Amino acid sequence: MDRLDHLEHLDKELVDELAQVARETVRDELREQTRRQRRRAMLYGASGAVALYAGAALALALGLGLAAALPDWAAALITAGILGVVAYVLRGAARPSASRPTSEREAELAHGRTPSGAPAAAPGGMPYPPVPPVPPGTGMGAPGAPLPGTPGAAMPEPPEGRQPRPDDIDPEQPHHRA
């Protein structure tokens, strides 16, 4: 039995040593990856700063070139307009818009649904109204119909089977919005 106890002690030492080696290896690898990523991030930042200065120099050259033929204020105004248009185009390219259909959006619109699962909008831009849970014209005796005076209860039928008009609404009677 002493021999087995000695082997268990050796196993524990071996496991602890392997775990320590694995931790050190992972730590060294993470340190190296972090060092590379930090260097890459600094290079991206530097290239962005240099690109900003290059764009400013290009805008200045454009403005000076236009100033040779136009008054200075007109050259500056034209240069600012061109830069504004470029900025607008770049912003539009960077952000997906709802007006540009993608394959997913086309499929959802074909089925009459938006990405959020809501009904698609009507051609005029207004969303379709929600579908009531009970079809119109079901009487108060229908199973599942709400009782009069409760939220969601149907208005009493207008006389002579005509359609209700806005002046049929009694302002004194309580009404609820869902």
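Above this text is the structure in question.
These notes cover the structure that comes with them. (Residues numbered from 1 in each chain as written. Predicted model: local features only at pLDDT ≥ 70, side-chain atom pairs only at ≥ 80, totals over all residues. Heavy atoms only, no water.)

1. Quick word on the overall build of the protein
Part 1: For the protein, the count of helices and strands is three helices and zero strands.
Part 2: Ordered by position in the sequence, the α and β elements of the protein form the string α-α-α.
Part 3: Expressed as a percentage of its 178 residues, the buried residues of the protein come to 4%.
Part 4: Here the analysis covers contacts within the protein between residues at least 6 apart in sequence; of these, 6% occur between residues at least 24 apart.
Part 5: Within the structure as shown, the protein displays about 15800 Å² of accessible surface, and the carbon and sulfur contribution to it stands at 65%. (Helix = DSSP H or I, 4+ residues; strand = E, 2+ residues; numbered from the N terminus. Buried < 20%, exposed > 50% of the residue type's maximum accessible area, 1.4 Å probe, protein only. Contact = heavy atoms within 4.5 Å. Areas by Shrake-Rupley, 256 points an atom, 1.4 Å probe, with all protein chains shown as cover.)

2. Side note on the pattern of salt bridges
Part 1: Inspection of the entire model under this criterion finds three salt bridges.
Part 2: Of the charged contacts in the structure, one is a salt bridge between Asp-28 and Arg-31, with a shortest N-O distance of 3.3 Å. Residue Asp-28 and its partner Arg-31 are located together in helix α1 (residues 2–67), separated by three residues, close to a single helical turn.
Part 3: What makes Arg-31 partly exposed here is its relative accessible area of 45%.
Part 4: Arg-35 is the salt-bridge partner of Glu-32, the closest N and O atoms lying 2.8 Å from each other. With Glu-32 and Arg-35 both in helix α1 and three residues apart, the pair spans about one turn of that helix. (Salt bridge = Lys/Arg side-chain N within 4 Å of Asp/Glu carboxyl O.)

3. Describing helix α2 (residues 72–94)
Part 1: When the terminal C-alpha atoms of α2 are compared, their 33 Å separation across 23 residues agrees well with the 33 Å that a helix rising 1.5 Å per residue should span.
Part 2: Along α2, the residues that are buried comprise Ala-74, Ala-75 and Thr-79. (Expected span 1.5 Å × (residues − 1).)

4. A closer look at the environment of Ala-76
Part 1: By the secondary structure assignment, Ala-76 is in helix α2.
Part 2: For Ala-76, a relative accessible area of 47% translates into the label partly exposed.
Part 3: Spatially, the C-alpha atoms of Ala-76 and Leu-64 are 8.5 Å apart, while their sequence positions differ by twelve residues.

5. Overview of a nonpolar patch on the surface
Part 1: Where nonpolar side chains cluster on the molecular surface, the patch consists of Leu-62, Leu-70, Ile-78, Ile-82, Val-86 and Leu-90 and spans about 470 Å² of accessible area.
Part 2: Residue contributions to the nonpolar patch peak at four residues, all from α2.
Part 3: On the secondary structure map, Ile-78 appears in helix α2.
Part 4: Among the residues examined, Ile-78 registers a relative accessible area of 38% and is labelled partly exposed. (Patch = residues over 30% accessible without salt bridge, like charges linked within 9 Å, V, L, I, M, F, W, Y side chains within 5 Å.)

6. Brief notes about the side chain of Thr-79
Part 1: In this fold, Thr-79 is placed in helix α2.
Part 2: Using a relative accessible area of 7% as the deciding quantity, one classes Thr-79 as buried.
Part 3: Setting aside chain neighbours within four positions, we find Thr-79 in contact with Ala-59, Leu-62, Gly-63 and Leu-66.

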